[in-house]
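# A closer look at the structure
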Amino acid sequence: MKTLYQKYFLEQRAVIIFLFLLIAFLPFSSWLVSLTGITQISLIRDVLLFLVLLSALPVLLRNKKLEHKPQFLAGLLFVAWALLSVIWREPSLEQWVRGLRFTLPPIVLFLILSQIKIPLRRLAFLVNAVCLAAILIAITALLDVFNSPLPLTTSLSGSGTLESAHYVGLLMIKRAQGIMAGPNALGLFLLPAFAISITWPSKSLWPKILSLVLAMLIVLTFSRSALIGLLVIVLLLFWQKAKDKIGSIKTIIISLALLLLLVCAGFVINKTTWGKQVISHNSSSSLRLEQYQRIWQQKYNIGLIGRGLGTAGPSSINRLDGGENHWTENVYLDVFEELGLVGTIIFIIFIIVLIVKTSKINNNLGRATSLALWAFAISGIFINIYTGQAGFWYVMLLLGLAINTQNNNKDTK
C-alpha cells in the first residue's frame, strides 16, 4: 500500500509542476511574444498542456469510472464536434489548427482535472499561484495607470506586437492594459482573481484590499464586457448573502431595483457626449450591430455545422490563409459561425452543466468559481471570452480544481 501511495504521489507531483508552470506562463505569453517577436513562444502553453496530460495519463488509465459525467461528457462532446469540423472546414488546415488552439485547450485542461484527484494541500498551492499571478499582472496594470508602464516592445519586436496605448473612444482617456494583450484581455483575466478575493473568508484586510484594487483596475480598463462581469459577480454575491438574511422576496425586489437603477444611470450617461464615448467606444457598438446583421443574413449558409474552426473570433484576426475576419465580439455567435447550430447548442449545454455543478460545491473555491463562471457566461454575450485567452484558461483551471475538492471529499467519506 505504501509503494502504491508513493507512486501516486510522484505522478501527482509531476502534474502539479506542469500545472504551476502553465499558470505562471499564461499571463506573460503575449508580452514575451511582443518583446521577442517570436510568435512560436505561445506554443509553450500547448507543450505544458500536453505534459499535464502525459503526467496525468497513468492516473486517468487506472480510473475505473468517469467522475462528474455530465460535465465531462458535455465538454468531450464539444471537443469531438470541433475536431470533426476539419472535415467540412472552409479555412486552410493551418488556419483551422490556429482556431483549434484558441478554442479547445482550456476545455481539455478542465476535462483532465475533472478526472484526477489532487491532494488538498497542492490544490491550495495552485490556487495561491493563480492569485499571485493575478497580483503580478495587477502591479503591471497599476504601473500603467500611473504612467510608468513596463516596455511592451523592443528592437526584436515583430508580428504580435502589443499596442502601447488604448483610449476610450475619441476621448483621450487611457485604458489600463498592463502587459496583457489589451484592456479587454486584462479585464477578463482579473475577473477570476476578483471572484476569489471577494469570497475568501479572512480576518485580515488583505483580501478586501486586493478585491478593491482588482475592481478598480477592471473599471479602469473601460472594458464594457469585463465591467458587466464585475457587476455580475457583485450582484450574485449580494443575492447569495441577502436572501439568507432578509429572504428571497425582499432580495428579488432590491435586486430588480438595483438593476433598474443601473439601466437608468446608463441611459442618462449615454445622453452625454463623454458618456456616449465611454459606453459605445465611438463606432464599436455600431460595428458589432453590423456583424449581428451579417450573421442573421448568413444564418442558413452557416447552418447546422458551421464554417469550421478558425473562421470567427480572435483566431480569425489576420488569418493565415488571407480569409475574411469574422468577429462579432459575442462568443456564442462566434461558436455558431465556426461550429454551426449543433456546436452552439453543445457549447451552451456545457456552460449550463458547469454552472449547475459549481452551484452545488459548498466551499470557498466552489463559490468563487461559480461567480467567475457566471461572469464569463454573461460577458460572453458582449465579447468573445477567448480574448486574451489567459482569463478563460484560468476559469477552466479553477473549475477543475473546484471539482477536485469534491473528488477529495469522496475519498474521506
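From a predicted model like this one, the values you see are computed outputs, not experimental measurements. (Residues numbered from 1 in each chain as written. Predicted model: local features only at pLDDT ≥ 70, side-chain atom pairs only at ≥ 80, totals over all residues. Heavy atoms only, no water.)

Next up on the list: the packing of helix H9 (residues 206–220) against helix H10 (residues 224–246). Contact geometry for H9 and H10: axes closest at 8 Å, N-to-C directions at 145°. In this structure, H9 uses Ala-215, Ile-218 and Val-219 to contact H10, whose residues at the interface are Ala-226, Leu-227 and Leu-230. When grouped by side-chain class, the residues that make up the contact of H9 with H10 number six nonpolar, no polar and no charged. (Axes fitted to C-alpha atoms, helices over the stretch in contact; angles between N-to-C directions. Helix = DSSP H or I, 4+ residues; strand = E, 2+ residues; numbered from the N terminus. Contact = heavy atoms within 4.5 Å. Nonpolar A, V, L, I, M, F, W, Y, C, P; charged D, E, K, R; others polar.)

On to the pattern of salt bridges. For the coordinates displayed, the defined rule picks out eight salt bridges. Between Asp-144 and Lys-174 there is a salt bridge whose closest N-O contact spans 3.0 Å. In this pair, Asp-144 sits in helix H7 (residues 120–145) while Lys-174 sits in the loop between H7 and helix H8 (183–199), placing the two residues 30 residues apart along the sequence. What makes Asp-144 buried here is its relative accessible area of 5%. When the shortest N-O distance is used, the salt bridge between Asp-321 and Arg-319 registers 3.0 Å. The partly exposed category is assigned to Asp-321, whose relative accessible area is 31%. (Salt bridge = Lys/Arg side-chain N within 4 Å of Asp/Glu carboxyl O. Buried < 20%, exposed > 50% of the residue type's maximum accessible area, 1.4 Å probe, protein only.)

For Ser-359, the position within the fold is in helix H15 (residues 331–359). Spatially, the C-alpha atom of Ser-359 lies 42 Å from that of Ile-38, the residues being 321 residues apart in sequence.

In this model, helix H3 (residues 43–62) (20 residues) spans 29 Å end to end at C-alpha, consistent with the 28 Å of a helix rising 1.5 Å per residue. Buried within H3 are the following residues: Arg-45, Leu-48, Leu-49, Val-52, Ser-55, Ala-56 and Val-59. (Expected span 1.5 Å × (residues − 1).)

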